[in-house]
Amino acid sequence: METKENVNNTKSNFFKTKGVIFLLVFLIVIFILSASFAFLSSRQDEQTSKERPSTSRTTTDYSIEKIVCYSSAYGINNAETQARWNVNLSQYTDIAIYLNLQHNISSLYLDNITFSNTEGTTYHLINLPMEDFGKTPTDNLEVQPIERIDFDASSPITLRYLNQNVKENCIITDIEAPLVFDGSLLKRGKVTLSSLKNTVSFTIHLTDTSGQEFTYPIEVSIPLENKGTRETIYSGSYMQENFLTDAYFYVEHP
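Numbers given for residues are sequential positions, taken from 1 along each chain in its written order. In keeping with the model being predicted, local features are shown solely for residues with a pLDDT of at least 70 and side-chain atom pairs are shown and tallied solely at 80 or more, while totals for entire chains, interfaces and linings include all residues. Calculated side-chain values reflect all of the structure's heavy atoms, with hydrogen atoms and water omitted.

K.L.:
Mind showing me how you'd approach the overall build of the protein chain here?
P.N.:
Scanning the protein chain from terminus to terminus reveals 2 helices and 12 strands. Runs of E in the DSSP output that reach at least two residues are strands. Runs of H or I that reach at least four are helices, and both are numbered from the N terminus. Secondary structure elements in the protein chain, listed N-terminal to C-terminal, are α-β-β-β-β-β-β-α-β-β-β-β-β-β. Buried residues in the protein chain amount to 39% of all 254 residues. Each accessible area value is a Shrake-Rupley result obtained with a 1.4 Å probe; residue values ignore everything except the protein chains displayed when judging cover. Carbon and sulfur atoms provide 51% of the accessible area of the protein chain, an area that totals close to 15700 Å². Each residue is placed in one exposure class: buried if its accessible area under a 1.4 Å probe, protein chains only, is under 20% of its type's maximum, exposed if it is over 50%, and partly exposed if it falls in between.

K.L.:
Could you clarify how one ought to interpret the side chain of Ser-184 in this entry?
P.N.:
Relative to the elements of secondary structure, Ser-184 occurs in helix α2 (residues 184-188). Discounting residues that sit within four places of it in the chain, Ser-184 has contacts with Ile-233, Tyr-234 and Gly-236. Contacts are assigned to residue pairs with any non-hydrogen atoms lying within 4.5 Å of each other.

K.L.:
Sorry, what's going on with unusual backbone geometry here?
P.N.:
For residues that are not glycine, phi is negative in most cases, and the peptide bond is trans in most cases. Following Ser-155, the chain continues to Pro-156 via a peptide bond in cis, the omega torsion being 0 degrees. Inspection of the secondary structure puts Pro-156 in the loop between β5 (149-151) and β6 (157-172). With phi around 65 degrees, Arg-230 is a residue other than glycine that occupies positive phi space. By the element assignment, Arg-230 lies in the loop between β9 (225-226) and β10 (231-232).

K.L.:
Explain the packing of aromatic side chains here, please?
P.N.:
Working definition: an aromatic ring pair is given by the centre-to-centre distance plus the angle between the planes. In this analysis, rings of Phe, Tyr and Trp, with Trp reduced to its six-membered ring, are considered paired at centre separations within 6.5 Å, and the interplanar angle assigns stacked below 30 degrees, edge-to-face beyond 60, and tilted for intermediate values. Evaluation of the coordinates by the stated rule reveals 7 aromatic pairs. Relative to Tyr-161, the ring of Phe-115 lies with its centre 6.1 Å away and its plane at 50 degrees, an arrangement referred to as tilted. Placement of Phe-115 in strand β3 (residues 105-115) and of Tyr-161 in strand β6 is noted, with a sequence separation of 46 residues between them. For Phe-115, a relative accessible area of 22% translates into the label partly exposed. With 6.4 Å between their ring centres and 25 degrees between their planes, Tyr-216 and Tyr-250 make a pair best called stacked. Linking Tyr-216 in strand β8 (residues 213-221) with Tyr-250 in strand β12 (residues 248-251), this pair joins segments that are 34 residues apart in sequence. In this structure, Tyr-216 and Tyr-250 share a single accessibility class: buried. Following the ring pairs from residue to residue traces out a cluster consisting of Phe-115, Tyr-123 and Tyr-161.

K.L.:
Is there a simple way to explain the nonpolar core in this structure?
P.N.:
One broad trend across soluble globular proteins is that nonpolar side chains are buried collectively. As used in this record, nonpolar core signifies buried Ala, Val, Leu, Ile, Met, Phe, Trp, Tyr and Cys residues forming a set joined through side-chain atoms within 4.5 Å. Within the largest apolar cluster, 45 residues are counted, with the highest numbers of intra-cluster contacts made by Ile-64, Ile-95, Ile-97, Leu-125 and Phe-202. For this core, the element with the highest residue contribution is strand β2 (residues 85-101), accounting for 6 residues. Ignoring sequence-local partners within four residues, the contact set of Ile-97 consists of Ile-64, Lys-66, Ile-67, Ser-155, Pro-156, Ile-157, Leu-159, Phe-202, Ile-204 and Ile-218. Counting residues in each nonpolar core, the second largest holds 10 residues, with Tyr-70, Tyr-74, Ile-126 and Val-143 among its members.

K.L.:
Help me out: how do you make sense of the pattern of salt bridges in this one?
P.N.:
Close approach of charged atoms lets side chains of opposite charge pair. Note on definitions: salt bridges are taken to be side-chain nitrogens of Lys or Arg within 4 Å of carboxyl oxygens of Asp or Glu. Under the definition given, this model contains 3 salt bridges. Residues Glu-241 and Lys-66 are paired through a salt bridge, measuring 2.9 Å at the closest nitrogen-oxygen approach. Of this pair, Glu-241 sits in strand β11 (residues 238-243) while Lys-66 is found in strand β1 (residues 58-80), placing the two residues 175 residues apart along the sequence. Of the residues examined, Lys-66 reaches a relative accessible area of 16% and is grouped as buried. With its nearest N and O atoms 2.9 Å apart, the salt bridge here joins Asp-150 to Arg-148.

K.L.:
Would you mind going over the environment of Phe-133 with me for this structure?
P.N.:
Relative to the helices and strands, Phe-133 is located in the loop between β4 (123-127) and β5. The exposure class of Phe-133 is buried, given its relative accessible area of 19%. Measuring from C-alpha to C-alpha, the distance between Phe-133 and Thr-158 comes to 7.5 Å, with 25 residues separating the pair along the chain. Setting aside chain neighbours within four positions, we find Phe-133 in contact with Val-68, Tyr-70, Asp-94, Ile-95, Ala-96, Leu-128, Thr-158 and Met-239.

Right, dumping it as structure tokens:
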């Protein structure tokens, strides 16, 4: 017959065993979480090192002062009847990058052009003359993919991001209001802002008169709205100005 003391000892051993098992499980969980965190951190550091230039040394001689973006849209009217319009819609954002250049430079270009939105194939980044900044295209541009864009050695550098033919053969039936070829077309064509979200990335290269090269990797999120002020591209256009601090160029090895 089990005595009361034996029962108590059995219970004590049972709880001790459960405590040991719980402790072991706890330690295993901590180990797995720590290992996972270390793995993810190493992957993130590896990815960051790939995105950064080969050196982390920067110079205050060359930097980016601000980026100005102007977003709007345009359309090509394919057909018009008494009851509707048939339009190809495109969205564009003009980008002006203002550089702070303490010394003269001999060359300026960008490359490594990529887009975060990989669902479409209509995205382009092209050189834009400063006098055409903010001007709506008058026809459907014939644009080819570009790997490198060269500029005059001056500031600002101006670009056009183009989401061409984002909606083709768009039927607009509310023809009582005039058809205005700007960002309001997107609203009338029922193109959502979420479908237009994108980020364009590229690397700016400049070379000074001594032959030393400097680089700066940059990302520009295509601005379409300000949720605070409720301004959107649907109103016709949307402009955004961002001032940068400590955006110094990286010094490349000679």
